Amino acid sequence: DAGVTQSPTHLIKTRGQHVTLRCSPISGHKSVSWYQQVLGQGPQFIFQYYEKEERGRGNFPDRFSARQFPNYSSELNVNALLLGDSALYLCASSLLADNNSPLHFGNGTRLTVT
Amino acid sequence: AQSVTQLDSQVPVFEEAPVELRCNYSSSVSVYLFWYVQYPNQGLQLLLKYLSGSTLVKGINGFEAEFNKSQTSFHLRKPSVHISDTAEYFCAVSPPGSNYQLIWGAGTKLIIKP
């Protein structure tokens with residue numbers, strides 16, 4: 001069975017541009033979460049979606065948005081990119097949205113903003 | 001507010017030696033505790049978790065952790081490390097009932113010396 005897949009794996013953008021990152025969860029998983037991992041730090045929670053509805057949002061500006069599609073895949077959008085948005089963006093899926101459902105992470109999208 | 005402190009940014013240890021990676025958390029409420037491992041250029045993989053019950057938790061790859069409520073610690077241990085354990089290890093906490101609102105430590109790089 002395929003794990004969580006993220007695309008693209010690497011991306012280079014310039015300041016002010018926007019970016020769309022994509023995530024396909026494990027088959028049957030209904031919850032998708034997004035995290036930002038800056039080099040040398042632990043991940044920071046950005047969004048969680050469950051059954052196509054936003055269930056949680058971390059402390060990120062409105063330039064960050066996301067959505068979940070009927071097939072449970074998800075997109076993370078970032079507008080007006082800043083140098084500080086350079087990071088590894090991780091997507092995680094789980095069957096449900098409680099602590100009995102372990103998170104399964106993809107390998108991430110490495111975003112570099114120049 | 002909850003926070004997680006991983007006291008060591010790097011831990012060098014000889015192959016087949018024991019290792020302990022330290023994690024302390026601060027929270028005014030009960031939390032769930034997790035250890036994740038991140039191999040180079042990969043996403044995060046759950047090693048073990050503490051939700052309730054026995055304070056000694058066994059995980060994958062021979063790792064275990066002990067929850068100590070009085071010391072607010074959740075240290076990770078392995079009696080004998082292998083070169084394949086080279087990775088970064090993250091401790092995380094979450095409030096009960098939600099698997100996405102994880103608060104992460106900054107990570108500890110485990111460096112295995114031959």
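In the block above lies the structure referred to throughout.
The structure reproduced in this document is the subject of the present report. (Residues numbered from 1 in each chain as written. Chains lettered and ligands numbered in written order. Predicted model: local features only at pLDDT ≥ 70, side-chain atom pairs only at ≥ 80, totals over all residues. Heavy atoms only, no water.)

## Comments concerning the overall build of chain A
Of regular secondary structure, chain A possesses 0 helices and 11 strands. In chain A, the order of α-helices and β-strands from amino to carboxyl end is β-β-β-β-β-β-β-β-β-β-β. For chain A, the C-alpha radius of gyration of 13 Å lies close to 13 Å, the compact-globule estimate for 114 residues. In terms of principal-axis extent, the alpha carbons of chain A reach across some 40 × 25 × 25 Å. The buried share of chain A, taken over its 114 residues, is 51%. Within chain A, contacts between residues at least 6 apart in sequence are counted, and of these 53% link residues at least 24 apart. The distance from the centre of the 10 positive side-chain charges to the centre of the 8 negative ones in chain A is 8 Å. (Helix = DSSP H or I, 4+ residues; strand = E, 2+ residues; numbered from the N terminus. Rg over C-alpha atoms; globule rule 2.2 N^0.38 Å. Buried < 20%, exposed > 50% of the residue type's maximum accessible area, 1.4 Å probe, protein only. Contact = heavy atoms within 4.5 Å. Lys, Arg positive; Asp, Glu negative; His and termini not counted. Charge placed at Lys NZ, Arg CZ, Asp CG, Glu CD.)

## Re the interface of chain A and chain B
Counting residues at the interface gives 25 residues for chain A and 23 residues for chain B. When chain A packs against chain B, close to 1,700 Å² is buried across both sides, 51% of that on carbon and sulfur atoms. Run the count over chain A and chain B and you get 0 salt bridges. If you look at where chain A meets chain B, you find 2 residue pairs in polar contact (both at pLDDT 80 or more). Within the residue set of the side of chain A that touches chain B, elements represented by two or more residues are strand S4 (31–37), strand S5 (44–50), strand S6 (53–57) and strand S9 (87–94) of chain A. Residues that form the side of chain A that touches chain B fall into these classes: 10 nonpolar, 13 polar and 2 charged. (Buried area = accessible area lost by both parts, 1.4 Å probe. Salt bridge = Lys/Arg side-chain N within 4 Å of Asp/Glu carboxyl O. Polar contact = N/O pair within 3.5 Å; in protein donor to acceptor, adjacent residues only side chain to side chain. Nonpolar A, V, L, I, M, F, W, Y, C, P; charged D, E, K, R; others polar.)

## Overview of the pairing of strand S10 (residues 87–94) of chain B
Residue and element names in this part refer to chain B. With 8 of 8 residues buried, S10 is to be regarded as a mostly interior element. Going residue by residue along S10, you find Ala-87, Tyr-89, Cys-91 and Val-93 tucked away on one face and Glu-88, Phe-90, Ala-92 and Ser-94 tucked away on the opposite face as well. One ladder, built from 7 bridges, connects strand S5 (residues 32–38) with S10; its direction is antiparallel. Bridging from a neighbouring strand, Trp-35 pairs with Cys-91 of S10. Two elements, S10 and strand S12 (residues 108–113), share 3 bridges in a ladder whose sense is antiparallel. The residue bridging Tyr-89 from the neighbouring strand is Thr-108, located in S12. As defined by bridge partners, S10 adjoins strand S11 (residues 103–104) across 2 bridges and the pair is classed as antiparallel. Across the sheet, residue Ala-92 finds its bridge partner in S11, namely Trp-104. (Pairing = 2+ DSSP bridges.)

## A look at the pairing of strand S2 (residues 10–14) of chain B
Residues and elements named next belong to chain B. Every second residue of S2 is oriented toward a common face, the buried set being Val-11 and Val-13 and the non-buried set Gln-10, Pro-12 and Phe-14. Pairing of S2 with S12, which is carried by 5 bridges, proceeds in the parallel orientation. The residue bridging Gln-10 from the neighbouring strand is Lys-109, located in S12.

## A closer look at the nonpolar core
Of all hydrophobic cores here, the largest spans 28 residues; its most connected members are Trp-35, Leu-48, Leu-76 and Tyr-89 of chain B. For this core, the secondary-structure elements that each account for two or more residues are S2, strand S3 (19–21), S5, strand S6 (44–50), strand S8 (64–68), strand S9 (73–78), S10 and S12 of chain B. With 4 residues, S10 of chain B is the single largest residue contributor to this core. Core analysis: the next-biggest nonpolar cluster, separate from the first, contains 22 residues, Val-4, Phe-64, Leu-76 and Tyr-89 of chain A among them. (Core = buried A, V, L, I, M, F, W, Y, C linked by side-chain atoms within 4.5 Å.)

## A word on the side chain of Glu-75 of chain A
All names here are of chain A. Within the secondary structure, Glu-75 sits in strand S8 (residues 74–78). Engagement of the side chain of Glu-75 in a polar contact is seen with the side chain of Arg-22, the distance being 3.5 Å. Once you skip the residues sitting within four places of it in the chain, Glu-75 turns out to touch Thr-20, Leu-21, Arg-22, Trp-34, Ser-65, Ala-66, Arg-67 and Phe-69.

## As for the state of the cysteines
Evaluated as defined, the whole model comprises 2 disulfides over all chains. Between Cys-23 of chain A and Cys-91 of chain A runs a disulfide, and the two sulfur atoms are separated by 1.8 Å. What sets the handedness of the Cys-23 of chain A and Cys-91 of chain A disulfide is the S-S torsion sign, and at about -65° it is left-handed. Here Cys-91 of chain A lies in strand S9 and Cys-23 of chain A lies in strand S3 (residues 19–24), a separation of 68 residues in the sequence. For the residue pair Cys-23 of chain A and Cys-91 of chain A, the accessibility class agrees, reading buried in each case. Through a disulfide, Cys-23 of chain B is tied to Cys-91 of chain B; the S-S separation comes to 2.0 Å. (Disulfide = S-S within 2.5 Å.)

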